[in-house]
Amino acid sequence: MIKVKEAVIVEGRYDKIKLSNILDAFIVETNGFQIYKDKERLAFIRKLAKEQGIIILTDSDHSGFQIRSYVANGIPQERIKHIYIPDVFGKEKRKAEPSKEGKLGVEGIDDEVLIRLFERAGVETVPTENADRITNYDLYAAGVSGTPNAREKKKELLKKLSLPEFLSTNSLLTYLNANYTKKEFETLIK
């Protein structure tokens, strides 16, 4: 996990969940095109840009570029760093079909690629000690949280671990981090 001093601006909650897995940063969602109607959120993003700087990381599709341009408008360029997702074609795991343009968004890009993009953009990062911790995104990627069959998969995992059926997701995460490494967790869920 890397610590980023600027606020990171993304399109949606799945992008935020994905980045929370690799970044220790303040991450703000535009909620897609809702940013056009949400003047308070836009004002907040501008305030963040003035106080600490922002990094804009939107999808590489047409919509992502429109949102990026709208957010960046009126903010001095020296207060913005742009990170661009490469054109990678495919579909996100949570979706039944690829996007209209067939490109992966932030949520579908590998962690290592995202880290390299931050490094190449000259983002000052500070490594943190928790690189091996299991995160909410790991639970999501495993289908244990935030997916259509999450309840059943979580029950299976709890049974496998001999844990109570009604253990909360946060308590499960705490238990996993106290007893397993990230690699052990990945093996456990296969």
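Attention here is on the structure that accompanies the text. Remember, predicted model here, so these are calculated numbers, not experimental data.

1. Remarks on the pattern of salt bridges
Side-chain pairing between opposite charges can occur once the charged atoms of the two side chains come close. Under the definition given, this model contains 10 salt bridges. Here D87 makes a salt bridge to K103, at a shortest N to O gap of 3.2 Å. A residue pair is termed long-range when its members are at least 10 positions apart, and D87 in the loop between strand 6 (80–82) and helix 4 (111–120) and K103 in the loop between strand 6 and helix 4 qualify at 16 residues. By relative accessible area, which is 48% here, D87 ends up partly exposed. Its salt-bridge partner being K155, residue E165 comes within 3.0 Å of it at the nearest N-O pair. Taken as a pair, E165 in the loop between helix 6 (150–160) and helix 7 (169–179) and K155 in helix 6 lie far apart in primary sequence, 10 residues in all. Among the residues examined, K155 registers a relative accessible area of 41% and is labelled partly exposed.

2. Brief notes about the sheet that holds strand 5 (residues 54–56)
Taking strand neighbours across the sheet as the criterion, the four strands line up as 4-2-5-6 in an open arrangement whose pairing is parallel. Each edge of the open sheet carries a strand with a single partner, namely strand 4 (27–29) and strand 6. Across this sheet, the average inter-strand angle for adjacent strands is 25°, counted without regard to direction. In terms of strand pairing, strand 5 meets strand 6 through three bridges, oriented parallel. Looking across to strand 6, one finds that I56 is bridged to H82.

3. Here's the deal with the environment of I134
Position of I134 relative to the elements: it lies in the loop between strand 7 (125–127) and helix 5 (136–141). A residue is classified by how much of its surface remains accessible, and I134, at 1% relative accessible area, is buried. Through-space distance from the C-alpha of I134 to that of K154 is 15 Å; in sequence the pair is 20 residues apart. In this view, I134 contacts L173, L176, N177, Y180, T181, K182 and F185; residues no more than four positions away in its chain are not counted.

4. Some details on the packing of aromatic side chains
Counted under the stated rule, the structure contains seven aromatic pairs. Seen from their ring centres, Y14 and Y140 are 5.5 Å apart, and the 35° between their planes marks the pair as tilted. Taken as a pair, Y14 in helix 1 (residues 13–20) and Y140 in helix 5 lie far apart in primary sequence, 126 residues in all. By relative accessible area, Y14 is classed as buried at 16%. Plain terms: the ring middles of Y137 and Y140 are 5.7 Å apart, the flat faces sit at 45° to each other, and that makes the pair tilted. Note that Y137 and Y140 are positioned in helix 5 at a spacing of three residues, about one turn of the helix. You'll find Y137 and Y140 in the same group, each marked buried. Aromatic rings pair up to connect Y14, Y137 and Y140 into one cluster. For the cation-ring pair, R68 lies above F65, with the distance from its terminal atom to the ring centre recorded as 5.8 Å.

5. Considering the layout of surface pockets
Quantified by volume, the largest pocket comes out at close to 990 Å³. Lining the largest pocket are 38 residues; nearest its centre among them are K18, K93, Y137, D138 and A141. For the lining of the largest pocket, the secondary structure elements donating two or more residues are helix 4, helix 5 and helix 8 (182–188). Residue composition of the lining of the largest pocket, by class: 14 nonpolar, seven polar and 17 charged. A volume near 320 Å³ is recorded for the second largest pocket.

6. What about the nonpolar core?
With 19 residues, the main nonpolar core has V8, L19, L23, L57, L114 and F118 as its most contacted residues. For this core, the secondary structure elements donating two or more residues are strand 1 (2–4), strand 2 (7–10) and helix 4. Among all residues touching F118, those that are not within four sequence positions of it are V8, L19, L23, I55, L57, I83 and V123.

Reading the values: rules and limits
Residues numbered from 1 in each chain as written. Predicted model: local features only at pLDDT ≥ 70, side-chain atom pairs only at ≥ 80, totals over all residues. Heavy atoms only, no water. Salt bridge = Lys/Arg side-chain N within 4 Å of Asp/Glu carboxyl O. Helix = DSSP H or I, 4+ residues; strand = E, 2+ residues; numbered from the N terminus. Buried < 20%, exposed > 50% of the residue type's maximum accessible area, 1.4 Å probe, protein only. Pairing = 2+ DSSP bridges. Axes fitted to C-alpha atoms, helices over the stretch in contact; angles between N-to-C directions. Contact = heavy atoms within 4.5 Å. Phe/Tyr/Trp six-rings, centres within 6.5 Å; stacked < 30°, edge-to-face > 60°. Lys NZ or Arg CZ within 6 Å of the ring centre and 35° of its normal. 1 Å grid on protein atoms, 1.4 Å probe; cavity = no way out; pocket = protein on both sides within 12 Å on 5 of 7 lines; lining within 4 Å. Points joined across faces, edges and corners; volume = space filled by probe spheres on them. Nonpolar A, V, L, I, M, F, W, Y, C, P; charged D, E, K, R; others polar. Core = buried A, V, L, I, M, F, W, Y, C linked by side-chain atoms within 4.5 Å.

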